[in-house]
Amino acid sequence: MGLKARLEADMKSAMKTGDKERLSVIRMILSEIKNQEIKAGGPLQENDVVSLLSKTAKRHKESISQFQLGRREDLVRKESKELGFVLEYLPSPFSTEELRDIVNKAITEAGASSLNDMGAVMKKVMAEVAGRADGKLVQKLVQEGLS
């Protein structure tokens, strides 16, 4: 079952059980998917849905940090709960060691030898780890690998 189908099934389940918070988050995600499908002119691939979920999770994390700075614990709790719902649909992230292996493989495949080749390596790695790794961590590991 694809992520979109799983989201739709969970939306129906949340409606039946009356879980308004989960229903709200799932509807928001499905709405974003629908908007992207309209822009793309067709259904999204699974990795596009994962990427969209990653961006949604990142937005929630940023909101949490801003609300913490503003000492709005009520909003921190709300955003944290919503983030938990989003994270249920994301695949588990790669460990640092797994990422390091992927980066080293990409460096070898690209024939990269200096930081000038960083763009080509980043492109290969990000295509492979879409939605399962933080871009800043990937960038750091690529820089280490090319140094």
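A brief structural summary. Because the structure is a prediction, the values reported are computed rather than measured. (Residues numbered from 1 in each chain as written. Predicted model: local features only at pLDDT ≥ 70, side-chain atom pairs only at ≥ 80, totals over all residues. Heavy atoms only, no water.)

**Digging into the overall build of the protein chain**
Convention followed: Runs of E in the DSSP output that reach at least two residues are strands. Runs of H or I that reach at least four are helices, and both are numbered from the N terminus. Per-residue accessibility, obtained with a 1.4 Å probe over protein chains only, is compared with the maximum for each type, and a residue is labelled buried under 20%, exposed over 50%, and partly exposed between these values. We call two residues contacting when some pair of their heavy atoms lies within 4.5 Å. We count Lys and Arg on the positive side and Asp and Glu on the negative side, and we leave His and both chain ends out. To locate a charge, take NZ of a lysine, CZ of an arginine, CG of an aspartate or CD of a glutamate.
Looking only at helices and strands, one finds seven helices and zero strands in the protein chain. When the helices and strands of the protein chain are placed in sequence order, the string is α-α-α-α-α-α-α. In terms of overall dimensions, the protein chain has a C-alpha envelope of 55 × 40 × 25 Å along the principal axes. By residue count, 32% of the 147 residues in the protein chain fall in the buried class. Residue pairs at least 24 apart in sequence account for 56% of intrachain contacts in the protein chain once pairs closer than 6 positions are excluded. Here the protein chain contributes 25 positively and 22 negatively charged side chains, and the mean placements of these two sets differ by 5 Å.

**Section: helix α5 (residues 96-110)**
We count it as follows: The span you would expect from a helix comes to 1.5 Å times its residue count less one. Summarising the geometry, the arc corresponds to the directions from the helix axis toward the C-beta atoms.
Taking 1.5 Å of rise per residue, the 15 residues of α5 would be expected to cover 21 Å, and the 21 Å separating its terminal C-alpha atoms lies within 8% of that figure. By the burial criterion, the buried members of α5 are Leu 99, Ile 102, Val 103, Ala 106 and Ile 107. Seen end-on, α5 carries its buried residues on one side only, within an arc spanning 140°. Exposed side of α5, more than 90 degrees from the buried face: Asp 101, Thr 108 and Glu 109 are the residues found there. The secondary structure elements touched by the buried residues of α5 are α6 (118-129) and α7 (135-146). Looking one or two residues beyond α5, the residue adopting positive phi is Gly 111, at roughly 65°.

**Things to note about the environment of Ser 31**
Along the chain, the position of Ser 31 falls in helix α2 (residues 20-40). Ser 31 sits in the partly exposed class, given a relative accessible area of 37%. In sequence terms Ser 31 and Arg 77 are 46 residues apart; their C-alpha atoms lie 23 Å from each other.

**Thoughts on the nonpolar core**
It is characteristic of soluble globular proteins that their nonpolar side chains tend to be buried jointly. Rule in force here: To form a nonpolar core, buried Ala, Val, Leu, Ile, Met, Phe, Trp, Tyr and Cys residues must be joined to one another through side-chain atoms within 4.5 Å.
Of all hydrophobic cores here, the largest spans 23 residues; its most connected members are Leu 7, Ile 29, Ile 33 and Leu 53. The set of elements that each furnish at least two residues to this core consists of α1 (3-17), α2, α3 (46-69) and α4 (73-87). What Ile 33 contacts, discounting residues up to four positions off in sequence, is Lys 4, Leu 7, Leu 44, Val 49 and Leu 52. Grouped together as the second largest cluster of nonpolar side chains are 17 residues, Met 118, Val 121, Met 122 and Ala 133 included.

**A look at the packing of α6 against α7**
Stated precisely, the cut-off is as follows: Structural elements are reduced to axes, namely lines fitted to C-alpha atoms, with helices fitted over the stretch in contact, and the angle between N-to-C directions of any two is expressed from 0 to 180 degrees. Angle categories: roughly parallel below 35 degrees, roughly antiparallel above 145, roughly perpendicular from 65 to 115, and oblique for all the rest. Two helices cross in a left-handed way if the nearer one is turned anticlockwise from the farther one by less than a right angle. They cross in a right-handed way if the turn is clockwise. Note on residue classes: Ala, Val, Leu, Ile, Met, Phe, Trp, Tyr, Cys and Pro are nonpolar, Asp, Glu, Lys and Arg are charged, and everything else, Gly too, is polar.
Packing of α6 against α7 leaves a shortest axis separation of 10 Å and a crossing angle of 135°. On the basis of their axis angle, the class for α6 and α7 is oblique. For the pair α6 and α7, the sense of crossing is right-handed. Taking contact as the criterion, the partners of Met 118, Val 121, Met 122, Val 125, Met 126 and Val 129 in α6 are, on α7, Gly 135, Val 138, Gln 139, Val 142, Gln 143 and Leu 146. For the contact of α6 with α7, a count of residues per class yields nine nonpolar, three polar and no charged.

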